[in-house]
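# Structural characterization, general
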Amino acid sequence: MEEKALDIVLDVKVKVTVQLGSCLLPMRDVLELSPGSVVQLMQHASDPVGLYVNDKLVAYGEVVVVEDNFGIKITELVGSPKG
């Protein structure tokens, strides 16, 4: 019976977001942004990116390219013991 109850939610769509980094900018700098502007993030290129499901952090990973598209390779699940 539990398996059938789980089947009901398996096809529910959720929002999945990958956060590459962030920064704080004064509104003055935001208003000056234009095509070609570079915004420096508070994250190093080697740092993992965060994978969020419905705005909740669930995993970390590395950005990869898959057939000309970006993807994420999961490296750690949040809350799981580090091996």
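Higher on the page you've got the structure.
## Concerning the pattern of salt bridges
The tally for this structure, following the rule as stated, stands at 1 salt bridge. The partner of Asp55 in a salt bridge is Lys15, with the nearest N and O atoms 3.3 Å apart. Here Asp55, found in the loop between β2 (49-53) and β3 (56-66), pairs with Lys15, found in the loop between α1 (2-9) and β1 (16-19); they are 40 residues apart in sequence, far enough to count as distant. Judged by its relative accessible area of 60%, Asp55 is exposed.

## Some words on the sheet that holds β1
Read from one edge of the open sheet, 4 strands run β1-β2-β3-β4, paired in antiparallel fashion. Looking at strand neighbours, the two that pair on one side only are β1 and β4 (69-77), the edges of this open sheet. In this sheet, neighbouring strand axes are inclined to one another by 40° on average, regardless of whether the strands run parallel or antiparallel. Where β2 and β3 come together, 5 bridges link them in antiparallel fashion. Bridging across to β3, Val53 finds its partner in Lys56.

Cut-offs and rules
- Counting starts from 1 at the beginning of each chain's written sequence and moves along it residue by residue.
- Local features are withheld for residues below a pLDDT of 70 in this predicted model, meaning they are given only at 70 or higher, and side-chain atom pairs are given and counted only at 80 or more; totals for whole chains, interfaces and linings count all residues.
- Side-chain measures here rest on the full set of heavy atoms in the structure, leaving out hydrogens and waters.
- Note on definitions: salt bridges are taken to be side-chain nitrogens of Lys or Arg within 4 Å of carboxyl oxygens of Asp or Glu.
- Strands are runs of DSSP state E lasting at least two residues, helices are runs of H or I lasting at least four, and both sets are numbered from the N terminus onward.
- Classification of residues uses two cut-offs on accessible area relative to the type maximum, computed with a 1.4 Å probe and protein chains only: under 20% is buried, over 50% is exposed, and between them is partly exposed.
- DSSP calls a pair of strands paired once it identifies at least 2 bridges connecting them.
- What counts as an axis is a line fitted to C-alpha atoms, over the stretch in contact for a helix, and the angles between N-to-C directions run from 0 to 180 degrees.

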